[in-house]
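Given next are the chains, with one letter for each unit.
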Amino acid sequence: MADPYPRVFFGDQIVDVDQARLSVATSAVLYGLSVYTVFPVQVDGERRTAFRLADHYQRLLESCKIIGIDRFAQEWTFERFEALARILVAENAPETDVFVRVSVHVDELVPGTRVRGLPVTVSMFVYDAVPIVPQDGMRLKTSQWRRIPDGAIPSRAKVNGAYVNSVLAKQDAIDAGYDDAIFLDGAGHVCELSAANIFLVRGDTVITPDVASDILDGINRRTVLALAEAEGLPVAERAVDLTELYIADEVFVTGTSAGVAPVVEVDGRVIGDGEPGPVAARLRELHAAALRGESTSRVGAADWITEL
Ligand code: PMP
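Residues numbered from 1 in each chain as written. Predicted model: local features only at pLDDT ≥ 70, side-chain atom pairs only at ≥ 80, totals over all residues. Heavy atoms only, no water.

**Student:** I'm lost on the overall build of the chain in this one. Help?
**Tutor:** For the chain, the helix and strand inventory stands at eight helices and 15 strands. Over its C-alpha atoms the chain spans a radius of gyration of 19 Å, differing by no more than 12% from the 19 Å that the globule rule assigns to 308 residues. Seen through its C-alpha atoms, the chain measures out along the principal axes to roughly 50 × 45 × 30 Å. Taken over 308 residues, the chain has a buried fraction of 53%. The long-range share in the chain, meaning contacts at least 24 apart out of those at least 6 apart in sequence, stands at 69%. If you sum the accessible surface of the chain, you get close to 13,300 Å²; carbon and sulfur atoms cover 51% of it. One finds the centroid of the 29 positive side-chain charges in the chain at a distance of 4 Å from the centroid of its 45 negative side-chain charges. (Helix = DSSP H or I, 4+ residues; strand = E, 2+ residues; numbered from the N terminus. Rg over C-alpha atoms; globule rule 2.2 N^0.38 Å. Buried < 20%, exposed > 50% of the residue type's maximum accessible area, 1.4 Å probe, protein only. Contact = heavy atoms within 4.5 Å. Areas by Shrake-Rupley, 256 points an atom, 1.4 Å probe, with all protein chains shown as cover. Lys, Arg positive; Asp, Glu negative; His and termini not counted. Charge placed at Lys NZ, Arg CZ, Asp CG, Glu CD.)

**Student:** Hey, could you run me through the packing of helix 6 (residues 219-230) against helix 8 (residues 278-291) in this one?
**Tutor:** Any two packed helices are characterised by how steeply their axes cross, that is the angle between the axes, and by the distance between the axes. Here helix 6 crosses helix 8 at 110 degrees, and the two axes come no closer than 10 Å. As judged from the angle between their axes, helix 6 and helix 8 are roughly perpendicular. Seen along the crossing, helix 6 lies across helix 8 with a hand that is right-handed. Judged by residue contacts, Asn220, Thr223, Val224, Leu227 and Ala228 of helix 6 engage Leu283, Leu286 and His287 from helix 8. Broken down by class, the residue content of the contact of helix 6 with helix 8 amounts to five nonpolar, three polar and no charged. (Axes fitted to C-alpha atoms, helices over the stretch in contact; angles between N-to-C directions. Parallel < 35°, antiparallel > 145°, perpendicular 65-115°, else oblique. Left-handed = near helix turned anticlockwise from the far one by under 90°. Nonpolar A, V, L, I, M, F, W, Y, C, P; charged D, E, K, R; others polar.)

**Student:** Sorry if this is basic, but what is going on with the packing of aromatic side chains here?
**Tutor:** For any pair of aromatic rings, geometry is given as the distance between the ring centres together with the angle between the planes. For the coordinates displayed, the defined rule picks out 12 aromatic pairs. Each residue in the set Phe9, Phe39, Tyr57, Phe72, Trp76, Phe78 and Phe81 is aromatic and connected to the rest through ring pairs, giving one cluster. Arg139 extends its terminal NZ or CZ atom over the ring of Tyr178, reaching a point 4.7 Å from the ring centre. (Phe/Tyr/Trp six-rings, centres within 6.5 Å; stacked < 30°, edge-to-face > 60°. Lys NZ or Arg CZ within 6 Å of the ring centre and 35° of its normal.)

**Student:** Just checking my understanding: could you explain a nonpolar patch on the surface for this structure?
**Tutor:** A surface patch of nonpolar side chains, about 250 Å² in accessible area, is lined by Trp145, Val164 and Leu168. Along the chain, the position of Trp145 falls in strand 7 (residues 138-146). (Patch = residues over 30% accessible without salt bridge, like charges linked within 9 Å, V, L, I, M, F, W, Y side chains within 5 Å. Salt bridge = Lys/Arg side-chain N within 4 Å of Asp/Glu carboxyl O.)

**Student:** Help me out: how do you make sense of the site of the ligand in this one?
**Tutor:** Taken together, 16 residues surround the ligand, and among them Arg59, Tyr163, Glu192, Asn220 and Thr256 come closest. For the ligand, an oxygen atom lies 2.7 Å from a polar atom in the side chain of Arg59. The separation between an oxygen atom of the ligand and a polar side-chain atom of Asn220 is 2.7 Å. Out of a free accessible area of 390 Å², the ligand has 97% covered by protein chains. For the shell around the ligand, the secondary-structure elements that each account for two or more residues are helix 6 and strand 12 (250-255). In terms of residue class, the shell around the ligand is made up of five nonpolar, seven polar and four charged. (Near = heavy atom within 4 Å. Polar contact = N/O pair within 3.5 Å; in protein donor to acceptor, adjacent residues only side chain to side chain.)

**Student:** Mind showing me how you'd approach unusual backbone geometry here?
**Tutor:** What is expected of a backbone is that most residues other than glycine have negative phi and most peptide bonds are trans. Even without a glycine there, the phi angle at Ala93 is positive, about 40 degrees. Here Ala93 shows up in the loop between helix 4 (78-92) and strand 5 (98-106). A positive phi angle, near 40 degrees, is found at Val110, a position not held by glycine. We classify Val110 as exposed; its relative accessible area is 63%.

**Student:** What's the story with the nonpolar core in this structure? I'm lost.
**Tutor:** Nonpolar side chains in soluble globular proteins tend to end up buried together. Counting 37 residues, the largest nonpolar core has Phe39, Val41, Phe81, Val104 and Met124 as its most contacted members. Breaking this core down by element, the ones donating at least two residues are strand 3 (34-44), helix 2 (53-67), helix 4, strand 5 and strand 6 (120-128). Among the elements that line this core, the one with the most residues is helix 4, at six residues. When residues of this core are assigned to domains, at least three fall in each of domain 1 (7-128) and domain 2 (138-291). Counting residues in hydrophobic clusters, the runner-up holds 23 residues, among them Leu193, Ala196, Leu245 and Val263. (Core = buried A, V, L, I, M, F, W, Y, C linked by side-chain atoms within 4.5 Å. Domains from an automatic or database assignment.)

**Student:** Honestly, the sheet that holds strand 5 in this entry has me stumped. Any pointers?
**Tutor:** What links the strands of a sheet is backbone hydrogen bonding, and the strands pair in either a parallel or an antiparallel sense. The strand order across the open sheet formed by seven strands is 2-1-6-5-3-4-15, and the pairing between neighbours is antiparallel. The strands lining the two open edges of the sheet, one partner per strand, are strand 2 (13-16) and strand 15 (305-307). Neighbour to neighbour, the strand axes of the sheet diverge by 30 degrees on average, direction disregarded. Note: strand 1 (residues 7-10) against strand 2, four bridges, orientation antiparallel. (Pairing = 2+ DSSP bridges.)

**Student:** Looking at this structure, how should I read the domain arrangement of the chain?
**Tutor:** It is common to give the size of an interface as the accessible area that goes away when the parts come together. When the domains of the chain are assigned, the result is domain 1 (7-128) and domain 2 (138-291). A straight line from the C-alpha centre of domain 1 to that of domain 2 covers 26 Å. Contact with domain 2 buries area across many residues of domain 1, yet Tyr36, Phe51 and Arg59 alone supply 37% of it, more than any other trio. Taken together, the links from domain 1 to domain 2 amount to one salt bridge. Taking the shortest distance from any N to any O, the salt bridge between Asp55 and Arg222 comes out at 3.9 Å. Between domain 1 and domain 2 we count seven residue pairs in polar contact (both at pLDDT 80 or more) in total. Sorting the residues of the side of domain 1 that touches domain 2 by element identifies strand 3, strand 4 (47-51) and helix 2 as the ones contributing at least two each. (Buried area = accessible area lost by both parts, 1.4 Å probe.)

Spelled out as structure tokens, the structure:
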């Protein structure tokens, strides 16, 4: 767990963190009616760079559109979003890498279960970039909780209330002595973790559930697919069976807060030789370089980076 940095954007100004409060009567609190994203900022002395900021903004817009939160698009251009990120990070002056969490809260008081046209409050805060899963080989357990399907609460939208599904799965995994959970859909296909996308490697092919598999379309998932392709590795986005994970040469996960992190055990089966594998290690290295805007291959170059 990490504490927020002291200065937080809330509504229309930057305030102290204890002043950024929503009413108990808002839709955000009553129904979990907020959408969010978390983007990373790399700090190197005076230089601060955000990774794929425009993609985070775009996904936030799309989450709003899916849920019916229409005021965000009317009130927040990318230029406003970017300018705020720059001011807020500068004001907190982090000395190490941080994550920035941006939320769009529906804050009408006691509105009932509706959304269109209701006012929104945007919040943005900064916290230390501490990974949420072990980076040296994690152990996963299939959850008995199923991933919320597109026809119930779409996983494609990063909506706060939907994270109850992730909490159920993650807590069960922790209680059982594992690091995180693997969600399956109703038909038994692999979806993702509680807050990360999942990949497997078979031979040299890099495989991950496709975007119609009840997953969040992770920005690091897209990044790793692009990096793998640039490395000349065959990639496949398709339905994945659970037992494919058991017999994979490598399994790894991706996410802003998860990084590119190897998996060494799934449901008591040792993955590969039980050590983090070479493909995951290479992609992890390329991803770390891309985050810093270093071009180590034909992708991962400057257009993923915003100087703050
Ligand atoms: N799936 C879920 C459910 C998540 O919460 C996250 C974290 N945002 C991811 C995948 C990874 O997405 P990203 O790479 O955009 O951080």
